[in-house]
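# Coordinate inspection notes
For reference, the chains in residue letters:
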Amino acid sequence: MALSKLQRTRLARVLNYEDARRLAKRTLPRGVFDYVDGGAEDEVTLRRNTEAFQELRFRPRMGIWVAEPAVSTTLFGQHVSFPVLTAPCGGMRLVHPQADVGVARAAASAGTIHVVSSASGFSLEEIAESSPDRHWFQLYRYRGRGGMENLVHRAKAAGYQAIVVTVDIQVGAKRERDWRNGFSYSMRVNVANALRLGPQLARRPFWLARYILDGMPFQLANTAGMTPDAVPMALPEMTSAGSHSPTWDDVAWVRQNFDGPVLVKGVLTAEDGRKALDMGCDGLVVSNHGGRQLDGAPATMDVLPEIVEAVGDQLEILADGGVRRGGDVLKALALGAKAVLLGRPYVWGLALGGQDGVAHMVEMVRTEMQRSMQLMGCSSIHDLDRSWLMPPGNALNRSGILPD
Ligand SMILES: Cc1cc2nc3c(=O)[nH]c(=O)nc-3n(C[C@H](O)[C@H](O)[C@H](O)COP(=O)(O)O)c2cc1C
């Protein structure tokens, strides 16, 4: 009881994503915070994702009173109360014991969808039960085709509405913060690890107590029945035999074996957008894995227009990477995305308050979105197009005020 009051007080202080990040940093051990917060190598792509959003400018229309901006939409015929889904994030049991179940419940009660990671902390069946009709499944390839097929069959049986095939983890990236911290979420509990991580953990006694009470879960729940070397992402070396992200051949297999919508996550070029279309996919997620894989990959907002132009009239296009504010959602929609996935901000919320913390962050994005629409004179997300954004480049140059 006292703890939940503390949680509520803490959440009340979270006015924006940066507050959540700062408090999450004080809550989580360094290794866990950095695992969530960090990216690959120099983190150029990680930073560029948010910069690209910040560089986009609205072209607001004045003198229009919008009482209730319309933000609901449908994705493959499924109604969502607003176009923000929660992104698949593995390792969440380290962040909070409620992990994916808390996230899925928060997303469902907000009227949206959680994309459940293959690397979830609870089994895909447990998560499906916690949020009926409101979950898609994100697919990795564990132990060759066999592990992947196992997950697809189970996702089908558990009633997942769509499969999102992530194609950008060919190998584990060089995430230097994780390497330095000696962190891996498939670590074993043993003396060596206890000695190595002890000092970080001792500084976060609340987290440690919570984690011990949760039974110190290190295992990826969905691979529990598979052989140990099937478990991927054993950072720093993720790849064990066959445990890399699916290839286009695997996408073709999924397409043949799953009746619902199939999306490819990790598309960054028009060419791959066309490929997804040729493979019979229904949608795609423009994503660079939140800057956690190939450093030097473009920001998603930099490439979204070319992908929309190539396949936007035939595929439902979603995007993620750097969505921090409700206004960012509007910018992605104006560039042609149908919806976005929220990543790190909800994970920081999870660290602070479990399901309530996720709900707090999701609701914050929704209210920011609606307020920005009122300030823009935009009554419906379905009206958003490029005319609501300044063309790229220096605005003063374009208006002829400054010489080129
Ligand atoms: C801690 C963490 C774990 C992630 N795990 C997965 C995963 O298991 N599968 C996946 O497809 N993407 C994963 N991602 C990438 C997210 O789905 C999403 O693409 C990314 O977080 C978006 O960037 P943003 O968090 O900066 O907005 C993960 C991201 C984070 C931060």
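Residues numbered from 1 in each chain as written. Predicted model: local features only at pLDDT ≥ 70, side-chain atom pairs only at ≥ 80, totals over all residues. Heavy atoms only, no water.

On to the overall build of the protein. Tallying secondary structure elements over the protein gives 16 helices and 10 strands in all. Looking at the 404 residues of the protein, the share that counts as buried comes to 57%. (Helix = DSSP H or I, 4+ residues; strand = E, 2+ residues; numbered from the N terminus. Buried < 20%, exposed > 50% of the residue type's maximum accessible area, 1.4 Å probe, protein only.)

Taken together, 23 residues surround the ligand, and among them Ser117, Thr166, Asp320, Arg324 and Arg344 come closest. Summarising the interface, the protein chains cover 99% of the accessible area of the ligand, which totals 610 Å² for the free molecule. Counting atoms within 2 Å of the grid points, the majority share of the ligand lands in the largest cavity. Here the residues of the shell around the ligand are counted per class, giving 8 nonpolar, 10 polar and 5 charged. (Near = heavy atom within 4 Å. Areas by Shrake-Rupley, 256 points an atom, 1.4 Å probe, with all protein chains shown as cover. 1 Å grid on protein atoms, 1.4 Å probe; cavity = no way out; pocket = protein on both sides within 12 Å on 5 of 7 lines; lining within 4 Å. Sits in = over half its atoms within 2 Å of the grid points. Nonpolar A, V, L, I, M, F, W, Y, C, P; charged D, E, K, R; others polar.)

Glancing now at the packing of helix H3 (residues 30-37) against helix H15 (residues 344-376). H15 packs onto H3 with a crossing angle of 155° between their chain directions and a minimal axis gap of 10 Å. Overall, the two elements H3 and H15 adopt an arrangement that is roughly antiparallel. Contact residues: Phe33, Val36 and Asp37 in H3; Arg344, Val347 and Trp348 in H15. Within the contact of H3 with H15, the residues separate by chemical class into 4 nonpolar, no polar and 2 charged. (Axes fitted to C-alpha atoms, helices over the stretch in contact; angles between N-to-C directions. Parallel < 35°, antiparallel > 145°, perpendicular 65-115°, else oblique. Contact = heavy atoms within 4.5 Å.)

Time to look at the confidence of the model for the protein. Summarising the model, the protein shows a mean pLDDT of 90, and 90% of its residues fall at 70 or more. Low pLDDT (under 50) marks residues 228-241, which in the prediction has 39 contacts with non-local residues, meaning those over four places away or in another chain. (pLDDT = per-residue confidence, 0-100.)

A few words now on the nonpolar core. Val95, Phe137, Leu139, Ile163, Val254, Leu284 and Met301 are the most contacted members of the largest nonpolar core, which has 104 residues in total. With 14 residues, H15 is the largest single contributor of residues to this core. When near neighbours in sequence (up to four residues on either side) are disregarded, Met301 contacts Ala52, Phe53, Leu56, Ala319, Ala332 and Leu335. (Core = buried A, V, L, I, M, F, W, Y, C linked by side-chain atoms within 4.5 Å.)

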